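Examining the three-dimensional arrangement
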Amino acid sequence: MDDAYVVGDPDGLSPLQAEIRDAVARELHAQFALRADRLDLADLPEVAYQITLRVDGLLTGRRGR
């Protein structure tokens, strides 16, 4: 059993996983806004790249803590 369940986190995510989830959600929201709430299949590589950059920024920022 994951420790997150033991400490009462309802979604069962560790703090790092929750931060990654939030970073991905923020980037997806930004990408939908940039693309008028529509993602075409051809857009997915660029969207994946932008999500990767956002998660990398999150992880890089955590190393400095």
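Note that the structure is a prediction, hence the values are computed from the model and not measured.

**Focus on the overall build of the chain**
For the chain, the helix and strand inventory stands at 3 helices and 0 strands. Helices (α) and strands (β) of the chain occur, in sequence order from the N terminus, as α-α-α. Within the span of the chain, comprising 65 residues, buried residues form 17% of the whole. The contacts of the chain with a sequence gap of at least 6 include a subset with a gap of at least 24, amounting to 42%. For the chain, the computed accessible surface area is about 4800 Å², with 60% contributed by carbon and sulfur atoms.

**Focus: unusual backbone geometry**
In this model, Ala36 sits at a positive phi of 55 degrees, which is unusual for a non-glycine residue. Looking at the element boundaries, Ala36 is found in the loop between helix H2 (15-34) and helix H3 (44-63). The exposed category is assigned to Ala36, whose relative accessible area is 64%. In the Ramachandran plot, Asp37 falls in the positive-phi region, its phi being about 60 degrees despite a non-glycine side chain. Residue placement: Asp37 occurs in the loop between H2 and H3. Given the relative accessible area of 65%, Asp37 is considered exposed.

**Looking at the pattern of salt bridges**
Per the counting criterion, the structure on display carries 5 salt bridges. Between Arg54 and Glu27 there is a salt bridge; the shortest N-O distance is 2.8 Å. Here Arg54, found in helix H3, pairs with Glu27, found in helix H2; they are 27 residues apart in sequence, far enough to count as distant.

**As for the side chain of Glu27**
On the basis of relative accessible area, Glu27 is assigned to the buried category, the value being 7%. Setting aside residues up to four positions removed in sequence, Glu27 forms contacts with Gln50, Ile51 and Arg54.

**Some words on H3**
Spanning 20 residues, H3 covers 29 Å between terminal C-alpha atoms, matching the ideal 28 Å at 1.5 Å per step. Residues of H3 that are buried: Val47, Ile51, Val55 and Leu58. Relative to the axis of H3, the buried residues are bounded by an arc of 65 degrees and lie together on one face. Away from the buried face of H3 by more than 90 degrees, exposed residues Pro45, Thr52 and Arg63 are located. Taken together, the buried residues of H3 touch H2.

The rules behind these values
Residues numbered from 1 in each chain as written. Predicted model: local features only at pLDDT ≥ 70, side-chain atom pairs only at ≥ 80, totals over all residues. Heavy atoms only, no water. Helix = DSSP H or I, 4+ residues; strand = E, 2+ residues; numbered from the N terminus. Buried < 20%, exposed > 50% of the residue type's maximum accessible area, 1.4 Å probe, protein only. Contact = heavy atoms within 4.5 Å. Areas by Shrake-Rupley, 256 points an atom, 1.4 Å probe, with all protein chains shown as cover. Salt bridge = Lys/Arg side-chain N within 4 Å of Asp/Glu carboxyl O. Expected span 1.5 Å × (residues − 1). Arc of directions from axis to C-beta.

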